[in-house]
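# Understanding the architecture of this molecule
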Protein chains: 2
Amino acid sequence: MALTRESSAGYMTNWAARLFARELERQLAPSGIAPAYMPVLFALADGSALTQKELARRAAVEQPTMAATLNRMERDAMIIRTRDPEDKRSALVALTPLAQGKIETVERVVSAINELALEQLVPDERRQFIALLGRVIRVLEAQDGALGN
Amino acid sequence: MALTRESSAGYMTNWAARLFARELERQLAPSGIAPAYMPVLFALADGSALTQKELARRAAVEQPTMAATLNRMERDAMIIRTRDPEDKRSALVALTPLAQGKIETVERVVSAINELALEQLVPDERRQFIALLGRVIRVLEAQDGALGN
DNA sequence: GCCATTTACATAGCTTGCTATCTAAAAACA
DNA sequence: TGTTTTTAGATAGCAAGCTATGTAAATGGC
């Protein structure tokens, strides 16, 4: 079978992800929230404080990626890092009131974009889409875990 | 309804795309081909020469992104740019024999990764997955086109 | 024929991802 | 106790995406 971009799951997934990111960035811009801040925002929304390592795990990104994201969030006054007295290597990250105050807006934006993206799909197809993505992710995660890191 | 990453189409799509990219990079590394080179490789595989603008359109990336990709490909001796005598603003891009010689390998790698990613899905589900991605892309592209550029 | 507009590309600057590698603290163990 | 190993983060360096903006060539009116 012909290998066209339209029939390559990887190419299509990358393409869709870039379109999601563009739209998200556009809609989040006024709030001062960048897309990469979102997993951190949601993880700490309940007022808890977590380590960088735990945040990286939840966002499914590598440690240096999370370090850079937290640096930008700190610059933008979205988080504060406090040295962990129990373990001097690590810091506990918590949201500032500024960030707390933006969570609802972010949730609305995310819902709106998901709604837009899926607007041509009936409820059953939406569930299917999410479920299929989940199954693809599980396979690729297993592969990723199998070789190193 | 709860807004968890597992139920956000955007988050899941981004996650899947990153996993695809990691695996692709790993498997393409020995060949010296970076993932972003692929759309260029396939567009020029027949020996034709295209402008940067046309390559950007086919890869669905912005012009400066394609410019940077072509710079890296030139550095890696994958393409040659020849000034277009008809239009002194533009250059025609063609693959070098080095790049031509890698196309088959790249095709094999792409097929293998798509096969891996979809290995848990039956043929019908695979078609569904690609089709749903296509419909999501179409909606987001329309939105993107509607506001500027 | 000349000026205004459009077009093709270049460049600057930023985000978000990655790998590889370093440092310092904590934990394990001999 | 002292040494080795593991763990948490930091840092360097690169890829690949984006927007905004600049420049030079081509095009389109008038």
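Cut-offs used in this document
- Residues numbered from 1 in each chain as written.
- Chains lettered and ligands numbered in written order.
- Predicted model: local features only at pLDDT ≥ 70, side-chain atom pairs only at ≥ 80, totals over all residues.
- Heavy atoms only, no water.
- Least-squares fit on C-alpha atoms with pLDDT ≥ 70 in both.
- Contact = heavy atoms within 4.5 Å.
- Near = heavy atom within 4 Å.
- Polar contact = N/O pair within 3.5 Å; in protein donor to acceptor, adjacent residues only side chain to side chain.
- Helix = DSSP H or I, 4+ residues; strand = E, 2+ residues; numbered from the N terminus.
- Buried < 20%, exposed > 50% of the residue type's maximum accessible area, 1.4 Å probe, protein only.
- Expected span 1.5 Å × (residues − 1).
- Arc of directions from axis to C-beta.
- Pairing = 2+ DSSP bridges.
- Nonpolar A, V, L, I, M, F, W, Y, C, P; charged D, E, K, R; others polar.

## Remarks on the relation of the copies chain A and chain B
Least-squares fitting of chain A to chain B yields an RMSD of 0.0 Å, with the superposition described by an axial translation of 0.0 Å and a rotation of 180°. Taken together, the rotation and translation describe the operation of a two-fold axis. Looking at the interface residues of chain A, 100% of them are also at the interface in chain B, so both copies use one shared face.

## Overview of the protein's contact with DNA strand D
In the vicinity of DNA strand D, 24 residues are found, and the nearest of them are A:Arg22, A:Gln63, A:Arg89, B:Thr65 and B:Arg72. For DNA strand D, the fraction of protein-proximal atoms (within 4 Å) that sit in sugar or phosphate groups is 74%. B:Arg72 is positioned such that a nitrogen or oxygen atom in its side chain is 2.7 Å from a phosphate oxygen of DNA strand D. A distance of 3.1 Å separates a phosphate oxygen of DNA strand D from a polar atom in the side chain of B:Arg75.

## A closer look at unusual backbone geometry
Only a minority of non-glycine residues have a phi that is not negative, and only a minority of peptide bonds are not trans. Look at A:Ala60: it is not a glycine, yet its phi comes out positive at around 60°. Take A:Ala60: it is sitting in the loop between α3 (52-59) and α4 (63-75).

## A short note on the environment of B:Ala77
Residue and element names in this part refer to chain B. Take Ala-77: it is sitting in the loop between α4 (63-75) and β2 (79-83). Classification of Ala-77 by relative accessible area gives partly exposed; the value is 38%. Taking the C-alpha atoms as reference points, Ala-77 and Leu-95, separated by 18 residues in sequence, lie 8.8 Å from one another. Those residues in contact with Ala-77 that sit more than four places away from it in its chain are Thr-96 and Leu-98.

## Some thoughts on helix α6 (residues 103-117) of chain A
The periodicity of an α-helix, 3.6 residues per turn, causes residues three or four positions apart to be oriented the same way. Given a rise of 1.5 Å per residue, 15 residues ought to cover 21 Å, and the 21 Å separating the end C-alpha atoms of α6(A) matches this to within 8%. Turning to α6(A), its buried residues are A:Ile103, A:Val106, A:Val109, A:Val110, A:Ile113, A:Asn114, A:Leu116 and A:Ala117. All buried residues of α6(A) fall inside an arc of 160° around its axis, so they share one side. Projecting away from the buried face of α6(A) at angles above 90 degrees are the exposed residues A:Glu104 and A:Arg108. Close packing links the buried residues of α6(A) with α1 (9-28), α2 (38-43), β3 (91-95) and α5 (97-100) of chain A together with α1 (9-28) and α7 (123-146) of chain B.

## A closer look at the sheet that holds β2(B)
All names here are of chain B. Taking strand neighbours across the sheet as the criterion, the three strands line up as β1-β3-β2 in an open arrangement whose pairing is antiparallel. Edge positions in the open sheet fall to β1 (50-51) and β2, since each of these has one partner strand only. In the sheet, β2 pairs with strand β3 (residues 91-95) via five bridges, with the strands oriented antiparallel. Paired with Ile-80 across the strands is Ala-94, a residue of β3.

## A closer look at the protein's contact with DNA strand C
Around DNA strand C, 24 residues are found, and the nearest of them are A:Arg72, B:Arg22, B:Gln52, B:Gln63 and B:Arg89. Backbone atoms, meaning sugar plus phosphate, form 72% of the atoms of DNA strand C positioned within 4 Å of the protein. Within the contact set of DNA strand C, a phosphate oxygen lies 3.4 Å away from a backbone nitrogen or oxygen of A:Ala36. Broken down by secondary-structure element, the contributors of at least two residues to the surface near DNA strand C are α4 of chain A together with α1, α3 (52-59) and α4 of chain B. When residues in the surface near DNA strand C are grouped by element, the largest group, four residues, is from α4(A). A per-class count over the surface near DNA strand C returns eight nonpolar, five polar and 11 charged.

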